[in-house]
Amino acid sequence: MAQPASPSEAGVLRGETDEELMAKTQLLYSSTKACQGPRDALLKCLRSSPCVRERGLTPRQCLNRNEEGVPDLCRQQQTLLFECKHAMLNTRKRFRGRPGED
């Protein structure tokens, strides 16, 4: 039996509120994790998208299947998260501090 990929996806399946999911996410992922800001913004956007709300799919399924109902803003935030993760591997940017920190 396949388990949900993340606690946030499991919470969506159980019908938890956004506040409960964010509290659990903050406990699991400390605020010192790189790219946490873009990750949280993407999760919040996906949870409020029609793909998750109306169709009952997980955020991961909505992104992987290129489902309709995912707003362009969520796609932009997905790209931003990818660029943040990529910057962690870029040797020129590694010495400038962790990406995603303000």
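None of the values given here were measured: they were computed from a predicted structure. (Residues numbered from 1 in each chain as written. Predicted model: local features only at pLDDT ≥ 70, side-chain atom pairs only at ≥ 80, totals over all residues. Heavy atoms only, no water.)

Undergrad: Quick one: what's the story with unusual backbone geometry, residue by residue and with numbers?
TA: Positive phi values are uncommon outside glycine, yet Cys35 reaches one of about 65°. Tracing the sequence through the fold places Cys35 in the loop between α2 (18-28) and α3 (36-47). What makes Cys35 buried here is its relative accessible area of 1%. (Helix = DSSP H or I, 4+ residues; strand = E, 2+ residues; numbered from the N terminus. Buried < 20%, exposed > 50% of the residue type's maximum accessible area, 1.4 Å probe, protein only.)

Undergrad: Would you mind going over the state of the cysteines in detail, with residue names and values included?
TA: Evaluated as defined, the whole model comprises three disulfides. Covalent S-S linkage joins Cys35 and Cys84, the inter-sulfur distance amounting to 2.0 Å. The sign of the S-S torsion, about -95°, decides the handedness of the disulfide formed by Cys35 and Cys84: left-handed. In this pair, Cys35 sits in the loop between α2 and α3 while Cys84 sits in helix α6 (residues 72-89), placing the two residues 49 residues apart along the sequence. (Disulfide = S-S within 2.5 Å.)

Undergrad: Lay out the side chain of Arg39 in plain terms, naming residues and giving numbers.
TA: Within the secondary structure, Arg39 sits in helix α3. Excluding residues that lie within four positions of it along the chain, Arg39 makes contacts with Lys33, Ala34, Leu81 and Lys85. (Contact = heavy atoms within 4.5 Å.)

Undergrad: Any chance you could break down the nonpolar core for me, citing the residues and the numbers?
TA: Proteins that are soluble and globular tend to have nonpolar side chains buried together. Core analysis: the largest hydrophobic core is formed by 13 residues, its most contacted members being Leu42, Leu46, Cys51, Cys62, Leu63, Val70 and Cys74. The set of elements that each furnish at least two residues to this core consists of α3, α4 (50-53), α5 (59-64) and α6. Excluding residues within four positions of it along the chain, Cys51 makes contact with Gly56, Leu57, Cys62, Glu67, Glu68, Gly69 and Val70. (Core = buried A, V, L, I, M, F, W, Y, C linked by side-chain atoms within 4.5 Å.)

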